[in-house]
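What the coordinates show
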Amino acid sequence: MATETPPPPKARAPLPSAQEFSTVAQSAEFDELRRSYRSFAFPLTIAFIAWYLLYVLLSNYAGGFMGTKLFGNVNVALALGLAQFLTTFLIAWWYARHAAAKLDPKAEAIKSRMEGGA
């Protein structure tokens, strides 16, 4: 049985006002953060959706091509299907690296300024 008293609650900084949020949302620093995110995420999202739709269209309309055996029991459809998983993981890894290098420092600077009341 614990007889120690719990630690006192940490004093929390007051939350920023709606005006402060609006000011930050309109700042050049926030615009740069948003631009960094969009310039990475939007093109990759479009490319991956196009790649996925190509796979679906080939599966529906190019059965002969997709059934072409590459080696053993592995055909083009299986290879491209596995490539879908591979590209998903590669994009997630690439985004994590991008976010850690480019987005997180900018977001942390904005956050610390907001929390610090500067």
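See above for the structure.
Below is a short write-up of the structure. Worth saying up front: this structure is predicted, and the values here are computed from it rather than measured. (Residues numbered from 1 in each chain as written. Predicted model: local features only at pLDDT ≥ 70, side-chain atom pairs only at ≥ 80, totals over all residues. Heavy atoms only, no water.)

1. Some words on the pattern of salt bridges
Using the following cut-off: The term salt bridge refers to a pairing of a side-chain nitrogen on Lys or Arg with a carboxyl oxygen on Asp or Glu at a separation within 4 Å. Secondary structure elements follow DSSP: runs of H or I no shorter than four residues count as helices, runs of E no shorter than two count as strands, and numbering proceeds from the N terminus. Accessible area is worked out with a 1.4 Å probe on protein chains only. A residue is then buried under 20% of its type maximum, exposed over 50%, and partly exposed in between.
According to the stated counting rule, one finds four salt bridges in the structure shown. Measuring nitrogen to oxygen at the nearest pair gives 2.1 Å for the salt bridge that ties glutamate 29 to arginine 113. Here arginine 113 lies in helix H4 (residues 76-116) and glutamate 29 lies in helix H2 (residues 28-61), a separation of 84 residues in the sequence. Residue classification places glutamate 29 among the partly exposed residues on the basis of a relative accessible area of 29%. The salt bridge involving glutamate 32 is made with lysine 106; its shortest N-O contact spans 3.2 Å. Placement of the pair is glutamate 32 in helix H2 and lysine 106 in helix H4, with a sequence separation of 74 residues. Residue classification places glutamate 32 among the partly exposed residues on the basis of a relative accessible area of 32%. A residue is classified by how much of its surface remains accessible, and lysine 106, at 24% relative accessible area, is partly exposed.

2. Observations regarding the side chain of serine 36
Structurally, the position occupied by serine 36 is in helix H2. Here serine 36 falls in the buried class, since its relative accessible area comes to 9%.

3. Some details on the environment of leucine 80
Defined as follows: Here a residue-residue contact requires only that any non-hydrogen atoms of the pair lie within 4.5 Å.
With respect to the element layout, leucine 80 can be found in helix H4. Excluding its chain neighbours within four sequence positions, the residues that come into contact with leucine 80 are Trp51, Tyr55, Leu58 and Met66.

4. Some points on H2
Definition in use: A helix is expected to span 1.5 Å multiplied by its residue count minus one. Bend, in this description, refers to the angle at a residue between axes fitted to the seven residues ending there and the seven starting there.
Given a rise of 1.5 Å per residue, 34 residues ought to cover 50 Å, and the 48 Å separating the end C-alpha atoms of H2 matches this to within 8%. At arginine 38, H2 shows its largest kink, close to 25 degrees. Looking at the buried side of H2, the elements it contacts are helix H3 (63-66) and H4.

5. A few points about the packing of aromatic side chains
To keep it simple, the criterion reads: Between the rings of Phe, Tyr and Trp (Trp by its six-membered ring), a pair exists once the centres lie within 6.5 Å; its type follows the angle of the planes, with under 30 degrees stacked, over 60 edge-to-face, and the other angles tilted.
What the rule picks out here adds up to three aromatic pairs. On the numbers, 6.4 Å between centres and 85 degrees between planes, the contact of tyrosine 37 with tyrosine 95 is edge-to-face. Placement of tyrosine 37 in helix H2 and of tyrosine 95 in helix H4 is noted, with a sequence separation of 58 residues between them. Using a relative accessible area of 37% as the deciding quantity, one classes tyrosine 37 as partly exposed. Here tyrosine 95 falls in the partly exposed class, since its relative accessible area comes to 32%.

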